[in-house]
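The residues making up each chain are set out below.
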Amino acid sequence: QVQLMESGGGLVQAGGSLRLSCAVSGSIFSINGMRWYRQAPGKQRELVAVITSGGSTNYADSVRGRFTISRDNAKNTKALQMNSLKPEDTAVYYCNADVTLVGGGHGDYWGQGTQVTVSS
């Protein structure tokens with residue numbers, strides 16, 4: 001089927017930067033919307049950023065101007081550049097992709113999550 005593998009999480013001081021990456025592999029015909037979500041302890045999972053197949057982007061108000069989502073359609077990868085990090089950005093970050101499969105079919109797939117911790 002389809003696998004999503006995230007990388008790039010870690011511990012950083014407030015004001016620092018991290019770059020998350022997500023590689024999508026498997027029986028992929030095309031990848032439509034790609035998204036990053038996050039979930040902090042005790043909170044619901046929230047949408048952080050989205051990028052369409054055409055490259056249009058949108059961001060949560062809490063990260064707009066600090067985070068940048070990008071994608072490489074040739075490599076089936078995407079990234080989230082996170083700058084000016086704040087302690088409230090601490091969460092598990094999840095990669096999500098809306099995939100059309102080879103041979104037909106369609107699915108919504110998730111990565112396993114990567115921890116981002118921002119210390120004050």
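Draft legend 1. The arrangement of the packing of aromatic side chains in detail. On inspection of all chains with the given rule, the structure shows 2 aromatic pairs. Considering the side-chain rings of Tyr94 and Trp110, the 6.5 Å spacing of their centres and the 80° angle between planes classify their relative orientation as edge-to-face. One end of the pair, Tyr94, is in strand E9 (residues 91–101); the other, Trp110, is in strand E10 (residues 106–110), and 16 residues separate them in sequence. By way of ring pairs, the aromatic residues Tyr37, Tyr94 and Trp110 are connected into one cluster. The side chain of Arg45 reaches across the aromatic face of Trp110, ending 4.8 Å from its centre.

Draft legend 2. Structural detail: the nonpolar core. One finds Val24, Trp36, Leu80, Met82 and Tyr93 to be the most contacted residues of the largest nonpolar core, which totals 32 residues. Within the residue set of this core, elements represented by two or more residues are strand E1 (2–7), strand E3 (18–26), strand E4 (28–39), strand E5 (46–51), strand E7 (67–72), strand E8 (77–82), E9 and strand E11 (114–119). For this core, the element with the highest residue contribution is E9, accounting for 6 residues.

Analysis parameters
- Residues numbered from 1 in each chain as written.
- Predicted model: local features only at pLDDT ≥ 70, side-chain atom pairs only at ≥ 80, totals over all residues.
- Heavy atoms only, no water.
- Phe/Tyr/Trp six-rings, centres within 6.5 Å; stacked < 30°, edge-to-face > 60°.
- Helix = DSSP H or I, 4+ residues; strand = E, 2+ residues; numbered from the N terminus.
- Lys NZ or Arg CZ within 6 Å of the ring centre and 35° of its normal.
- Core = buried A, V, L, I, M, F, W, Y, C linked by side-chain atoms within 4.5 Å.
- Buried < 20%, exposed > 50% of the residue type's maximum accessible area, 1.4 Å probe, protein only.

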